[in-house]
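# Notes for the structure review
Chain by chain, the residues:
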Amino acid sequence: MARAKNGTVHVARRKRILKKTKGFWGTKKSNYKKAKDTLRKGMMYATRDRKARKRDFRRLWISRISAALSDTGVSYSRFIEGLLKSNIKINRKILSNLAIEDAEAFKAIVLEIRK
């Protein structure tokens, strides 16, 4: 009797990896050995960059808030300190949207902090 050497499992594993590398350039999408390495590296980059995206957005929101505060004469650090002391619980994303879309509401928050 012939020896079975995991034929279907091996093929399924290869198909799964090659399906994930669809859209890669050159032999990295079709050559199993290169596709496997490229996919592993790509998954590492994806994990790293999900963390980096959070940092980038936070930096963007802070710079937007700081730019909106430049007209009022309040520094960013004093503004955040005032928010904490006034017990106003609005995160930076919402504050940055307020600064862009509703300047009057943002100025009302700044006036509340100045009290």
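Now for a look at the structure at hand. (Residues numbered from 1 in each chain as written. Predicted model: local features only at pLDDT ≥ 70, side-chain atom pairs only at ≥ 80, totals over all residues. Heavy atoms only, no water.)

### Section: the pattern of salt bridges
- Counted according to the given criterion, the structure contains five salt bridges.
- We note a salt bridge from Glu81 to Lys85, for which the minimum N-O separation is 3.3 Å. Within this pair, Glu81 and its partner Lys85 are both found in helix α3 (residues 76-85), separated by four residues, close to a single helical turn.
- Residue Glu81 is classed as partly exposed on the basis of its relative accessible area of 30%.
- One network of salt bridges, in which partners are shared, links Arg78, Glu81 and Lys85. (Salt bridge = Lys/Arg side-chain N within 4 Å of Asp/Glu carboxyl O. Helix = DSSP H or I, 4+ residues; strand = E, 2+ residues; numbered from the N terminus. Buried < 20%, exposed > 50% of the residue type's maximum accessible area, 1.4 Å probe, protein only.)

### A word on the side chain of Thr72
- Residue placement: Thr72 occurs in the loop between α2 (32-69) and α3.
- For Thr72, the side chain forms a polar contact with the main-chain oxygen of Leu69, separated by 2.7 Å.
- The residues touching Thr72, leaving out its near neighbours within four places in the chain, are Val110 and Arg114. (Polar contact = N/O pair within 3.5 Å; in protein donor to acceptor, adjacent residues only side chain to side chain. Contact = heavy atoms within 4.5 Å.)

### With respect to the packing of helix α1 (residues 7-20) against α2
- Running from N to C, α1 and α2 cross one another at 60°; their axes reach a closest spacing of 9 Å. Taken together, α1 and α2 sit at an angle that is classed as oblique. The element α1 and its partner α2 pack so that their crossing is left-handed. Here α1 contributes Arg13, Arg14, Ile17, Leu18 and Lys20 to the contact with α2, which in turn contributes Tyr32, Ala35, Lys36 and Leu39.
- Across the contact of α1 with α2, the residue classes tally to five nonpolar, no polar and four charged. (Axes fitted to C-alpha atoms, helices over the stretch in contact; angles between N-to-C directions. Parallel < 35°, antiparallel > 145°, perpendicular 65-115°, else oblique. Left-handed = near helix turned anticlockwise from the far one by under 90°. Nonpolar A, V, L, I, M, F, W, Y, C, P; charged D, E, K, R; others polar.)

### Quick look at the nonpolar core
- If you look at the biggest cluster of nonpolar residues, it comprises 15 residues, and the most contacted ones within it are Ile65, Leu69, Phe79, Leu83, Leu95, Phe106 and Ile109.
- For this core, the elements supplying multiple residues, two or more each, are α2, α3, α4 (92-101) and α5 (103-114).
- In this structure Ile65 touches Tyr76, Phe79, Arg92, Leu95, Ser96 and Phe106, once residues within four positions along its chain are discounted. (Core = buried A, V, L, I, M, F, W, Y, C linked by side-chain atoms within 4.5 Å.)

### Considerations on unusual backbone geometry
- We note that Asn87 has phi near 60°; this positive angle belongs to a residue other than glycine.
- For Asn87, the position within the fold is in the loop between α3 and α4.

### Quick word on α4
- Looking at α4, one finds that the buried residues are Leu95, Ser96, Leu98 and Ala99. Angularly, the buried residues of α4 cover 160° about the axis, an arc narrow enough to put them on a single face. The outward face of α4, more than 90 degrees from its buried face, is lined by the exposed residues Ile100 and Glu101.
- Each element contacted by the buried residues of α4 is listed here: α2, α3 and α5. (Arc of directions from axis to C-beta.)

### Side note on α2
- Between the first and last C-alpha of α2 there are 54 Å, a value that for 38 residues agrees with the 56 Å anticipated at 1.5 Å per step.
- Buried residues of α2: Ala35, Leu39, Ala52, Ile65, Ala68 and Leu69, and no others.
- Sitting at the amino-terminal end of α2 is Asn31, which places a side-chain oxygen 3.2 Å from the backbone nitrogen of Lys33. (Expected span 1.5 Å × (residues − 1).)

### Thoughts on the packing of aromatic side chains
- Overall, the coordinates contain two aromatic pairs when judged by the stated rule.
- Note on Phe57 and Trp61: the rings are 5.9 Å apart at their centroids and 35° apart in plane angle, and the pair reads as tilted. You can see Phe57 and its partner Trp61 sitting in helix α2, four residues apart, about one turn around the helix.
- Judged by relative accessible area, which is 41%, Phe57 ranks as partly exposed.
- When the centroid spacing of 5.6 Å and the interplanar angle of 40° are considered together, the rings of Phe79 and Phe106 count as tilted. With Phe79 in helix α3 and Phe106 in helix α5, this pair connects stretches of sequence that are 27 residues apart. (Phe/Tyr/Trp six-rings, centres within 6.5 Å; stacked < 30°, edge-to-face > 60°.)

By themselves, these are just geometric observations and shouldn't be taken as functional.
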